[in-house]
Amino acid sequence: MTLVERFLKYVSFDTQSSEETGVTPSTPGQMVFARYLKEELESLGLEEISLDENGYLFATLPANMDKPLPVIGFIAHMDTSPDMSGKNVSPRIVQNYDGKDIVLCAEENVVLSPTQFPELLGHQGEDLIVTDGKTLLGADDKAGIAEIVSAVVYLKEHPEIKHGKIRIGFNPDEEIGLGAHKFNVEQFGCEWAYTMDGGEVGELEFENFNAASAKISFKGRNVHPGYAKNKMINSIRIANRFMSMLPADEAPEHTEGYEGFYHLIGITGEVEQTTLSYIIRDHDRARFEERKKEMERLVAKINEEYGPNTATLELRDQYYNMREQIEPVMHIIDTAFAAMKAVGVEPRVKAIRGGTDGAQLSFKGLPCPNIFAGGLNFHGRYEFVPIQNMEKAMNVIVKIAELVASK
């Protein structure tokens, strides 16, 4: 099975995760896919294959040399985003892309156009795998899985490429922030690893947001509106007052690069009770802590204005910037950098405006930077992946294994 055939098979599995179920994996389709992958890895002759009840699948490609070498790992996630359906994905290959609009779904007028997505123009002449405009594609992160499996197959078929012991790990629920929560780092048994979960070719990431969630509940008092003067307390209006107190220019739609933000992701409300849900993000740990304190200050201010316990805050840290865990072992970045250069890929070191499983794994004792998997426009119907991107990512994996063995 080729890399492309493998990827097209993987996206046929519906593995959309869900924040609502409270179980791991969060959806049964992920375990169905994990079992399929386990059988595939067994058929490929890998060793130490394990699949636990939570959907974490580990396997080993044994070393083909006696020299003592660090055990390294490659990791990808099996779930797709809750943002859009991953059921009945119907991919299509646009060969030798000509730089023009790609009609994904004529009946619904869904068009992948370089006018809206100028990054397409960087892939003229390449072969693009696109959706039918009705689902996401699932390159995030089934491209990563296909690349890892294909790289391992390549190494098995080319014993002249010397390498140490390599562990591979596929986990559920990355898209809901829980991919690393039940990942058994000790069992995985690596000195360091790489997640294959980035986007465009060359991306190499070892910085990410510090992240927290905030839920603010506002209590009101409902009275017949005809007789409400000096009696009614409208929690929706109080919530609106709170929203207006946060800086309008520190929202995702107004920030980039290393700029952090407050992001309102949900609101439910009526006169008696309104709840706002936010996520808080910043690369700088000190500014991140300041943002959380600002939330606390504004809640206190609401309670000063409207009375005690009008607003209550639930604040929860989600993950931290992995840079502080990677900096002491920067040689693992140097190795990835050198591997990309060696296979003709120009490294593009950038900070992630988000998080990865690697961030959480790094804080669990497994340094784990992120490497490109090659897909673009994740989480929606306009997602696509150039086949050449996936091939380059696979080549980087092979080269990393070779470089680690050559030192």
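Residues numbered from 1 in each chain as written. Predicted model: local features only at pLDDT ≥ 70, side-chain atom pairs only at ≥ 80, totals over all residues. Heavy atoms only, no water.

Trainee: Any chance you could explain the overall build of the protein here in plain terms?
Mentor: A count of helices and strands for the protein gives 10 helices and 17 strands. Against the compact-globule benchmark of 22 Å for 407 residues, the protein has a radius of gyration of 23 Å, which places it among compact chains. Viewed in the frame of its principal axes, the protein has a C-alpha envelope of about 85 × 50 × 40 Å. Long-range pairs, those at least 24 residues apart, make up 78% of the contacts in the protein between residues at least 6 apart in sequence. Of the roughly 17900 Å² that the protein leaves accessible, carbon and sulfur atoms contribute 48%. Taking the average location of the 41 positive side-chain charges in the protein and that of its 62 negative ones, the two points are 5 Å from each other. (Helix = DSSP H or I, 4+ residues; strand = E, 2+ residues; numbered from the N terminus. Rg over C-alpha atoms; globule rule 2.2 N^0.38 Å. Contact = heavy atoms within 4.5 Å. Areas by Shrake-Rupley, 256 points an atom, 1.4 Å probe, with all protein chains shown as cover. Lys, Arg positive; Asp, Glu negative; His and termini not counted. Charge placed at Lys NZ, Arg CZ, Asp CG, Glu CD.)

Trainee: Would you mind going over the pattern of salt bridges with me for this structure?
Mentor: Two side chains carrying opposite charge are able to pair once their charged atoms lie near each other. According to the stated counting rule, one finds 19 salt bridges in the structure shown. Salt-bridge contacts for E289 lead to K292; the nearest nitrogen and oxygen are separated by 3.1 Å. Separated by three residues within a single helix, E289 and K292 lie in helix α6 (residues 285–306), roughly one turn from each other. The closest approach of N and O atoms between K399 and E402, which form a salt bridge, is 3.1 Å. (Salt bridge = Lys/Arg side-chain N within 4 Å of Asp/Glu carboxyl O.)

Trainee: How should I be thinking about the packing of helix α1 (residues 3–10) against helix α3 (residues 139–157) in this particular structure?
Mentor: When two helices pack together, their arrangement is given by the angle between the helix axes and the distance between those axes. Two numbers describe how α1 lies on α3: the axes approach to 9 Å, and their chain directions differ by 140 degrees. As judged from the angle between their axes, α1 and α3 are oblique. For the element pair α1 and α3, the recorded crossing hand is right-handed. In this structure, α1 uses L3, R6, F7 and Y10 to contact α3, whose residues at the interface are A139, K142, A143, I145, A146, E147, V149, S150 and V153. Among the residues making up the contact of α1 with α3, the classes are represented as nine nonpolar, one polar and three charged. (Axes fitted to C-alpha atoms, helices over the stretch in contact; angles between N-to-C directions. Parallel < 35°, antiparallel > 145°, perpendicular 65-115°, else oblique. Left-handed = near helix turned anticlockwise from the far one by under 90°. Nonpolar A, V, L, I, M, F, W, Y, C, P; charged D, E, K, R; others polar.)

Trainee: Honestly, the packing of aromatic side chains in this entry has me stumped. Any pointers?
Mentor: Ring pairs (aromatic) are described by centroid distance and by the angle formed between their planes. Tallying each qualifying case throughout the model produces 15 aromatic pairs. A centroid spacing of 5.4 Å and a plane angle of 85 degrees characterise the contact between F209 and F261, whose relative ring orientation is edge-to-face. With a gap of 52 residues between them, F209 in the loop between β10 (203–207) and β11 (210–219) and F261 in strand β12 (residues 261–269) connect regions that are remote in the sequence. Judged by its relative accessible area of 0%, F209 is buried. One aromatic cluster is present, built from ring pairs that chain together Y10, F13, F33 and Y36. Positioned above the aromatic ring of F33, the side-chain terminus of K142 is 5.4 Å from the ring centre. Positioned over the ring face of Y262 is R291, at 4.9 Å from the centre of the ring. (Phe/Tyr/Trp six-rings, centres within 6.5 Å; stacked < 30°, edge-to-face > 60°. Buried < 20%, exposed > 50% of the residue type's maximum accessible area, 1.4 Å probe, protein only. Lys NZ or Arg CZ within 6 Å of the ring centre and 35° of its normal.)

Trainee: Help me understand the UniProt feature "domain: Peptidase M20 dimerisation" (unreviewed entry) in the protein, please; the structure alone is not making it clear to me.
Mentor: Residues annotated by UniProt as "domain: Peptidase M20 dimerisation" (unreviewed entry) correspond here to residues 207–307. Taken end to end, residues 207–307 is 33% helix and 30% strand, and its first and last C-alpha atoms sit 41 Å apart. (UniProt positions renumbered as here; feature names shortened; annotations may be inferred.)

Trainee: When you look at the nonpolar core in this model, what are you seeing that I'm missing?
Mentor: One recurring pattern in soluble globular proteins: nonpolar side chains tend to sit buried together. By size, the foremost hydrophobic cluster in this structure holds 66 residues, and its most contacted members are F7, F74, I145, I168, F170, I371 and I400. Non-local contacts of F7, meaning those with residues more than four positions away in its chain, are made with I129, L137, G138, A139, K142, A143, A146, V385 and M390. (Core = buried A, V, L, I, M, F, W, Y, C linked by side-chain atoms within 4.5 Å.)

Trainee: How do you make sense of the pairing of β11 when you look at a structure like this?
Mentor: Walk down a regular strand and you will see the side chains alternate between the two sheet faces. Within β11, eight of the 10 residues are buried, which leaves the element mostly enclosed by the surrounding structure. Two strands pair when backbone bridges link them, and β11 and strand β13 (residues 273–282) are joined in this way by 10 bridges, in the antiparallel orientation. Within β13, the position partnered with N210 by the bridge is D282. Alignment of β11 against strand β14 (residues 311–319), held across eight bridges, turns out to be antiparallel. Note on β14: the bridge partner recorded for S213 is R316. (Pairing = 2+ DSSP bridges.)

Trainee: Could you clarify how one ought to interpret the UniProt feature "binding site: Zn(2+) 2" (unreviewed entry) in the protein in this entry?
Mentor: Within this structure's numbering, the places UniProt gives as "binding site: Zn(2+) 2" (unreviewed entry) are D140, E175 and H379. Spanning 240 residues, the annotated positions come together in the fold, the maximum distance between their C-alpha atoms being 9.7 Å. Structurally, D140 is set in helix α3. Of the residues examined, D140 reaches a relative accessible area of 7% and is grouped as buried. Discounting chain neighbours no more than four positions away, the residues touching D140 are H77, D79, T80, E175, D197, F378, H379 and E383. Within polar-contact distance, the side chain of D140 engages the side chain of H77 at 3.0 Å. Structurally, H379 can be placed in the loop between β16 (370–372) and β17 (384–386). Non-local contacts of H379, meaning those with residues more than four positions away in its chain, are made with S81, D83, M84, L136, D140 and E175. At 3.4 Å, the side chain of H379 and the side chain of D83 are in polar contact. (Polar contact = N/O pair within 3.5 Å; in protein donor to acceptor, adjacent residues only side chain to side chain.)

Trainee: Which parts of the structure should I look at to understand the sheet that holds β12?
Mentor: Pairing between the strands of a sheet comes from backbone hydrogen bonds, and it takes one of two forms, parallel or antiparallel. Pairing is antiparallel across the open sheet formed by four strands, whose spatial order is β12-β13-β11-β14. Looking along the sheet, the strands with just one partner apiece sit at the ends: β12 and β14. Put simply, the sheet's adjacent strands are angled 15 degrees from each other on average, direction ignored. The sheet strands contacting helix α5 (residues 235–245) are β11, β12 and β13, and the helix crosses β13 at an angle near 20 degrees.

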